[in-house]
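Summary of the model geometry
Chain by chain, the residues run as shown.
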Amino acid sequence: MLDLLLPTRCVGCDRRGSLLCDACLVVAPALRAPRPAPAGLPACWSATLYEGAARQAILHYKERGRTALAVPLAHALAFTLATAVPEGALAVVPVPSAGRAVRARGHDPVRRLAALAVRQLGGLGREVTLRTDLRHGRRVADQAGLSAAQRAANLASSLRVDPAGKGRLSGRSGASMVIVDDVVTTGATLAEAARAVRETGAEVAAAVTVAATRRRGPPDFLTEGKENAKAVGSPVRHMSLPSAQLIRLERQVERCVQPSKGASSTP
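Reference entry: report on the structure contained in this document. (Residues numbered from 1 in each chain as written. Predicted model: local features only at pLDDT ≥ 70, side-chain atom pairs only at ≥ 80, totals over all residues. Heavy atoms only, no water.)

Quick look at the nonpolar core
We apply this condition: In this text, buried Ala, Val, Leu, Ile, Met, Phe, Trp, Tyr and Cys residues form a nonpolar core when linked through side-chain atoms within 4.5 Å. Partly exposed describes any residue whose relative accessible area lies between the buried limit of under 20% and the exposed limit of over 50%, with all areas from a 1.4 Å probe on protein chains only and scaled to the type maximum. Comment: elements are numbered from the N terminus, with helices defined as DSSP H or I runs of at least four residues and strands as E runs of at least two. Contacts are assigned to residue pairs with any non-hydrogen atoms lying within 4.5 Å of each other.
With 37 residues, the main nonpolar core has Leu69, Leu73, Leu77, Leu81, Val92, Leu113 and Val180 as its most contacted residues. Broken down by element, the residue count for this core peaks at eight residues, all from helix 3 (residues 70–84). Leu81 has contacts with Val92, Ala117, Leu121, Val178, Val180 and Val208, leaving out every residue within four places of it along the chain. Grouped together as the second largest cluster of nonpolar side chains are 23 residues, Leu41, Val93, Val161 and Ala194 included.

Below, the structure is given as structure tokens:
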């Protein structure tokens, strides 16, 4: 309703015209692992750092009901998925939101981003499915203010795979399993999600997020990401992400995608 009644302004610079203007959100897919990384954390990719316009966009999307921001954020996620795993079939597994958070927000933000990213990649010819079989097995405390060790203890054995979904996540399909979340901070959530998926017998190829929290201390977080990306042979791509016209990003994603038959999206 607010988007209809009030002029649209960029959440990064407050300029009129779009929710995210051309200059505000720079998408630079790279390996950005937290330090120290928790045990079991897969190769951890992110589209950008959790600061500036990216941080504002994620906060407005998750906590302030600006669900229209799901579109540009999902395009950034799709671009990063295609960069992290450039070939073969993909199975995208979003980290589930807690039930109380879904009720408070009215939707599951990460699941929505994952579904849109899967639709984007599938439309470009990539064989990709959405697997929503991860569940919360028990209630956990609010993560805000917890240290890395406390987060790991808080989340230990908190996620499980729904019994009906164990066959789908077992790895027999041959698809590369990728865990998806909005932000990586200590990596505890992604490591716990990967543990739950591995218990089905599947391998986890990577974890992919929209943004990564910059961690203090050497080496420089963004520089480390660039070097890691170069080491695995995947160039870091820098570009601006427009909110109204996403054609440039779609073309970048298309160049990353290796077309294959049978593209699908299974909620």
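Details of the pairing of strand 4 (residues 90–94)
Here is the rule: Note on pairing: DSSP must find at least two bridges between two strands before they are called paired.
In terms of residue burial, strand 4 counts as a mostly covered element, since five of its five residues are buried. With three bridges joining them, strand 4 and strand 5 (residues 128–130) adopt parallel strand pairing. Its bridge partner being in strand 5, Ala91 is matched across the sheet by Thr129.

With respect to the packing of helix 3 against helix 5 (residues 109–123)
Note the cut-off: Orientation is described by axes fitted as lines to C-alpha atoms, over the contacting stretch for helices, and by angles from 0 to 180 degrees between their N-to-C directions. Oblique is the label for any angle not under 35 degrees, not over 145, and not in the 65 to 115 range, which are roughly parallel, roughly antiparallel and roughly perpendicular in turn. Left-handed describes a crossing in which the near helix is turned anticlockwise from the far one by less than a right angle; the clockwise case is right-handed.
Their axes nearest at 8 Å, the elements helix 3 and helix 5 cross at an angle of 60 degrees. What the angle tells us is that helix 3 and helix 5 run oblique. Both helix 3 and helix 5 take part in a crossing whose hand is right-handed. Here Ala70, Val71, Leu73, Ala74, His75, Leu77, Ala78, Leu81 and Ala82 of helix 3 come into contact with helix 5, specifically with Arg112, Leu113, Ala114, Leu116, Ala117, Gln120 and Leu121.

With respect to unusual backbone geometry
In this structure, Pro36 follows Arg35 across a cis peptide bond, with omega equal to 0 degrees. Structurally, Pro36 can be placed in the loop between strand 2 (30–31) and strand 3 (44–49).

Side note on the pattern of salt bridges
Under the convention used in this document: For this analysis, a salt bridge means a side-chain nitrogen from Lys or Arg found within 4 Å of a carboxyl oxygen belonging to Asp or Glu.
In the structure shown here, the tally under the stated rule is five salt bridges. For Asp14, the salt bridge is made with Arg9, and the minimal N-O distance between the two is 3.9 Å. By relative accessible area, which is 31% here, Arg9 ends up partly exposed. Taking the shortest distance from any N to any O, the salt bridge between Glu192 and Arg195 comes out at 2.6 Å. Of this pair, Glu192 and Arg195 are both found in helix 7 (residues 188–198), three residues apart, which corresponds to roughly one turn of the helix. Looking at Glu192, the relative accessible area reads 6%, which means it is buried. The structure contains a network of salt bridges with shared partners spanning Glu192, Arg195 and Glu199.

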